[in-house]
Amino acid sequence: MKILVTGGAGYIGSHIVKAMGEKEYDIVVYDNLSYGYEWAVLYGQLVKGDLSDREYLDLTFAKEKFDAVIHMAAFVVVDESIMEPLKYYKNNFVNALNLIDMCVKHNVNKIIFSSTAAVYGIPEKVPVRENAPLFPINPYGASKVMVEQALKDISLVSNLRYISLRYFNVAGADPLSRIGQARKDATHLITVCLRTALGTRKCLDVFGTDYSTADGTCIRDYIHVDDLSDAHILCLEYLISGDKSKIYNCGYGHGYSVKEVVERVKDVTGINFPVRHVGRRPGDPPVLVADSSKIRNELGWIPKYDNLDYIIKTAWDWEKKMSQLTL
Ligand code: UDP
C-alpha cells in the first residue's frame, strides 16, 4: 500500500510516519517544510511541495499512484487564526480542497483527515461525543469544519471514503527522542512549560484563571502523540477493508487544568520555573474532553500512554535533546 502523508515532516505527521514505517507501509511525505523538517521523516520518501501548487500535486499523484491519503498539513495555532483568518482558510480549507480534488481526479478514494476538538467550540456536554453540534469559536476550528463538510458532501456522490479524526490536545514525543515538537515558536502548553523550565523562555503565562472550572483554569484532554499515531494505523486498516466513512474523537476521556499541567511539569522536571497569571486568551473554550468510546468500540483503539507524567517525560527528554542541537 502506498500512502501519501501531507504534512508528514511536522510534529504529529512525523510520528504518524514513524508508526506507519514500523508497519512497513510505503510512504510518500508531501510537505512544504514551512514548519516541518527533513530529518523528522524517519521512513519513506519526502517530496517538497506546497498544496497550493496544483500542478505539482497533480504530477505527484500521477507519478506515485497512491492507495490512500493522510492529510495532516495545516496551520494549528488558535489565536493566530483569529488574527490571520485568511491564512487559515487558504491553507486549511482551500489547500485541502486542492488535495481532495486530486484524490477524485486520480481515483484515490481513501482519506484520513486530521480534524480537531475545536470543531465543537464550547460543547454543551463534556465529555463531548461526535454527534454534538459543531459551533467553532475560532477560524482554526471553522476551517476544519469546512473540510469535514466538503468530505461528507463529496463522499455522498463518489466512491470517496474518509475518516475524520478529531484530535484533542496532542503532546509528548518519541520515547527514543528521535522526533518531537521542533517548532521554535510553538505555543502549546506543555511545550511552553518545558521551554520555560529549560530557561529558553522567561515565564509561563497562565491564560485566564476565572473560568468556571474547579481551579479557574481551562481543562484539556492531553493525548500522547504515539497513541494518536496508532489510531491512524487503525483508521487506515479500516479504510483499506473498504468500509463506510467515519468521524472519531481521539482523546483519553479525562482532562487536566492548566494549573495541574504546570504542577506536573514542575514535578517531572524538578524545576520550579516562573509562572504568572494573565488574562484569557481569545478563542479558548473552558473545557474540552473527548468521549472516545466510539473509536475504542468500533476500531478497538486501546491507548498505551494514558499518563500525563509519561507524556511530559517524553516531551522533556526531547526538549533537552533539541536544546543541544542546531536545527
Ligand atoms: N495555555 C496557557 N499558557 C500557554 C499556552 C497555553 O495558559 O502558554 C492554556 C490555553 O489557554 C488553553 C490550554 O493551555 O487553556 C491549552 O492550550 P494549547 O495552546 O496547548 O492548546 P489548544 O487547546 O489551544 O489547542
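Residues numbered from 1 in each chain as written. Predicted model: local features only at pLDDT ≥ 70, side-chain atom pairs only at ≥ 80, totals over all residues. Heavy atoms only, no water.

Caption draft 1: Representation of the sheet that holds strand β6 (residues 161-167) within the structure. The 7 strands are arranged β3-β2-β1-β4-β5-β6-β11 in an open sheet whose pairing can be described as parallel. Since the sheet does not close on itself, it has two edges, and those belong to β3 (45-48) and β11 (246-250), each with one partner. This sheet shows a mean twist of 20° between the axes of neighbouring strands, independent of strand direction. Pairing between strand β1 (residues 2-6) and strand β2 (residues 26-31): 5 bridges, direction parallel. Among the inter-strand pairings, Ile-3 is bridged to a residue of β2, identified as Ile-27. (Pairing = 2+ DSSP bridges. Helix = DSSP H or I, 4+ residues; strand = E, 2+ residues; numbered from the N terminus. Axes fitted to C-alpha atoms, helices over the stretch in contact; angles between N-to-C directions.)

Caption draft 2: Focus on the state of the cysteines. In this structure the tally under the stated criterion is 0 disulfides. Summary of cysteine pairing: Cys-203 is not part of a disulfide, and the nearest cysteine sulfur, belonging to Cys-193, is at 10 Å. (Disulfide = S-S within 2.5 Å.)

Caption draft 3: Representation of the nonpolar core within the structure. Formed by 58 residues in total, the largest nonpolar core has its most connected members in Ile-12, Met-20, Ile-70, Leu-165 and Ile-190. No other element matches the 8 residues that helix α7 (residues 225-240) contributes to this core. Apart from residues no more than four positions distant in its own chain, Ile-70 is found in contact with Ile-3, Leu-4, Val-5, Thr-6, Ile-16, Met-20, Ile-112, His-232 and Leu-236. Grouped together as the second largest cluster of nonpolar side chains are 24 residues, Val-28, Val-47, Phe-61 and Tyr-162 included. (Core = buried A, V, L, I, M, F, W, Y, C linked by side-chain atoms within 4.5 Å. Buried < 20%, exposed > 50% of the residue type's maximum accessible area, 1.4 Å probe, protein only. Contact = heavy atoms within 4.5 Å.)

Caption draft 4: Summary view of the side chain of Asn-249. Summarising the element assignment, Asn-249 is placed in strand β11. Exposure remark for Asn-249: the relative accessible area of 0% places this residue in the buried category. Polar contacts involving the side chain of Asn-249 include one to the side chain of Tyr-120, which spans 2.6 Å. From its side chain, Asn-249 meets the backbone oxygen of Asp-291 in a polar contact 3.2 Å long. (Polar contact = N/O pair within 3.5 Å; in protein donor to acceptor, adjacent residues only side chain to side chain.)

Caption draft 5: Representation of the packing of helix α6 (residues 189-198) against helix α10 (residues 308-324). Interhelical geometry of α6 versus α10 gives an angle of 55° and a closest axis separation of 10 Å. By the angle class used here, α6 and α10 are oblique. For α6 against α10, the interelement crossing comes out right-handed. Here Ile-190, Thr-191, Leu-194, Arg-195, Ala-197 and Leu-198 of α6 come into contact with α10, specifically with Leu-308, Ile-311, Ile-312, Ala-315, Trp-316, Glu-319, Lys-320, Met-322 and Ser-323. (Parallel < 35°, antiparallel > 145°, perpendicular 65-115°, else oblique. Left-handed = near helix turned anticlockwise from the far one by under 90°.)

Caption draft 6: Fine view of the pairing of β11. Burial within β11 is extensive, with 4 of its 5 residues counted as buried. As judged from the 5 bridges shared by β6 and β11, these two strands associate in the parallel manner. Directly across from Tyr-167, in β11, lies its bridge partner Cys-250.

Caption draft 7: Focus on the packing of helix α8 (residues 258-269) against α10. Closest axis-to-axis distance for the α8/α10 pair is 10 Å, and the angle between their directions is 60°. It follows from the interaxial angle that α8 and α10 lie oblique. As for how α8 packs across α10, the hand of that crossing is right-handed. Between α8, through Val-261, Arg-264, Val-265, Val-268 and Thr-269, and α10, the contact on the second element is made entirely by Leu-308, Asp-309, Ile-312, Lys-313 and Trp-316. The residue makeup of the contact of α8 with α10, split by class, is 6 nonpolar, 1 polar and 3 charged. (Nonpolar A, V, L, I, M, F, W, Y, C, P; charged D, E, K, R; others polar.)

Caption draft 8: The environment of Gly-251, seen in detail. Considering the arrangement of structural elements, one finds Gly-251 in the loop between β11 and β12 (256-257). On the basis of relative accessibility, which here comes to 0%, the residue Gly-251 falls in the buried class. Gly-251 sits 74 residues away from Leu-325 along the chain, and the two C-alpha atoms are 31 Å apart. The contacts of Gly-251, once residues within four sequence positions are left out, are Phe-168, Asp-221, Ile-223, Ala-290, Ser-292, Arg-296 and Trp-301.

Caption draft 9: Representation of the site of the ligand in the model. Near the ligand, the surroundings consist of 15 residues, among which Leu-189, Asp-205, Arg-220, Arg-281 and Asp-284 are the closest. Relative to its unbound accessible surface of 510 Å², the ligand loses 92% to contact with the protein. Among the elements of the structure, α6 and β8 (204-207) are those that each provide at least two residues to the shell around the ligand. Ranked by the residues each element gives to the shell around the ligand, the list is headed by β8, at 4 residues. Classifying every residue of the shell around the ligand by side-chain character gives 8 nonpolar, 3 polar and 4 charged. (Near = heavy atom within 4 Å. Areas by Shrake-Rupley, 256 points an atom, 1.4 Å probe, with all protein chains shown as cover.)

By themselves, these are just geometric observations and shouldn't be taken as functional.
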